[in-house]
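This is what each chain is made of:
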Amino acid sequence: GESVGLHLPTLSVQEGDNSIINCAYSNSASDYFIWYKQESGKGPQFIIDIRSNMDKRQGQRVTVLLNKTVKHLSLQIAATQPGDSAVYFCADRQQGGKLIFGQGTELSVKP
Amino acid sequence: NAGVTQTPKFQVLKTGQSMTLQCAQDMNHEYMSWYRQDPGMGLRLIHYSVGAGITDQGEVPNGYNVSRSTTEDFPLRLLSAAPSQTSVYFCASSFGTNQPQHFGDGTRLSIL
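K.L.:
Which parts of the structure should I look at to understand the overall build of chain A?
P.N.:
Secondary structure assignment for chain A yields 0 helices and 11 strands. Shown N-terminal to C-terminal, the secondary structure of chain A runs as helices and strands in the order β-β-β-β-β-β-β-β-β-β-β. Burial status across chain A gives 45% buried among its 111 residues. Across chain A, every contact between residues at least 6 apart in sequence was considered, and the portion connecting residues at least 24 apart equals 52%. Chain A carries 11 positive and 10 negative side-chain charges, and their two centres are separated by 4 Å.

Encoded structure:
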């Protein structure tokens, strides 16, 4: 069936480095994508979104890139900080408007 | 403005019992949804609603019922609890299906 998946379950980076979290999706009809951050014991927190008519969108220290040709989504975090340590999920909007989440990548930031 | 409020925060049930997880939002959002999250896993969509009076099934709807009689409330009912339904349940809402969803803090449910 259709699914959203992530390439790596864990990512460890040094404080101050840039982080790149990847996501592959399989539904070519998906037209809206979101990245969420989830800290331990809390609900997911919205980071940034992008629509399929865009290739790139920037926020504060975060950038999302969308490559529709290969159905790939990435989240770039600049100057990663210890407070960025969390699990990051991508999600895409599928038929009927339902939002489907990927498995998640756990980001660990080393001081 | 409280956002998305879920009650209870914790609950322990015995197999076969029924219960309702409550979800309320005060942001006048049309779209609401329920997810479950198992340890080390992503969120799986149970049911969702695009507006009052309208509900639809997600990825894992079996064993759960929902209704949407008002814009504000979207309760999730477990008809006959099973140990496989032990999970953390999150409710979310948004203005529309192409808008970011706001999540509640979750309900941690254990079924013995």
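Read on for the rest.
K.L.:
Quick question: what am I supposed to make of the packing of aromatic side chains here?
P.N.:
Two aromatic rings, taken as a pair, are described by how far apart their centres are and by the angle between their planes. Tallied over the entire structure, the rule returns 11 aromatic pairs over all chains. Seen in terms of ring centroids, Y36 of chain A and F46 of chain A are 6.4 Å apart; in terms of plane orientation they differ by 75 degrees. Their pairing is edge-to-face. You can see Y36 of chain A sitting in strand β4 (residues 32–38) and its partner F46 of chain A sitting in strand β5 (residues 45–51), a full 10 residues away along the chain. Taken together, the ring pairs connect Y36, F46, F89 and F101 of chain A together with Y35, F90 and F103 of chain B into an aromatic cluster.

K.L.:
I'm lost on unusual backbone geometry in this one. Help?
P.N.:
Phi is mostly negative for residues that are not glycine, and the peptide bonds are mostly trans. Look at the link from T7 of chain B to P8 of chain B: it is a cis peptide, with omega at -5 degrees. Structurally, P8 of chain B is set in the loop between β1 (4–7) and β2 (10–13). Despite not being glycine, R61 of chain A has its phi angle at roughly 65 degrees, a positive value. With relative accessibility at 29%, the residue R61 of chain A sits in the partly exposed group. Backbone geometry places N28 of chain B, a non-glycine residue, at a positive phi of 60 degrees. Tracing the backbone shows N28 of chain B in the loop between β3 (19–25) and β4 (31–37). Of the residues examined, N28 of chain B reaches a relative accessible area of 53% and is grouped as exposed.

K.L.:
Teacher, can you tell me more about the state of the cysteines here?
P.N.:
Here a disulfide denotes one covalent bond, and it connects the sulfur atoms of two cysteines. What the rule picks out here adds up to 2 disulfides over all chains. Covalently, C23 of chain A is tied to C90 of chain A through a disulfide, its sulfur atoms 1.8 Å apart. As the torsion about the S-S bond is roughly 55 degrees, the C23 of chain A-C90 of chain A disulfide counts as right-handed. Residue C23 of chain A is found in strand β3 (residues 19–25), and its partner C90 of chain A is found in strand β9 (residues 86–93); the two are separated by 67 residues along the sequence. Classification of C23 of chain A as buried rests on a relative accessible area of 1%. Take C90 of chain A: its relative accessible area is 1%, and that puts it in the buried class. In this model C23 of chain B forms its disulfide with C91 of chain B; the gap between the sulfur atoms is 1.9 Å. Residues C23 of chain B and C91 of chain B are joined by a disulfide whose S-S torsion is about -75 degrees; by sign, that bridge is left-handed.

Rules behind the numbers
- Residues numbered from 1 in each chain as written.
- Chains lettered and ligands numbered in written order.
- Predicted model: local features only at pLDDT ≥ 70, side-chain atom pairs only at ≥ 80, totals over all residues.
- Heavy atoms only, no water.
- Helix = DSSP H or I, 4+ residues; strand = E, 2+ residues; numbered from the N terminus.
- Buried < 20%, exposed > 50% of the residue type's maximum accessible area, 1.4 Å probe, protein only.
- Contact = heavy atoms within 4.5 Å.
- Lys, Arg positive; Asp, Glu negative; His and termini not counted.
- Charge placed at Lys NZ, Arg CZ, Asp CG, Glu CD.
- Phe/Tyr/Trp six-rings, centres within 6.5 Å; stacked < 30°, edge-to-face > 60°.
- Disulfide = S-S within 2.5 Å.

Bear in mind that shape data such as this cannot, by itself, settle questions of function.
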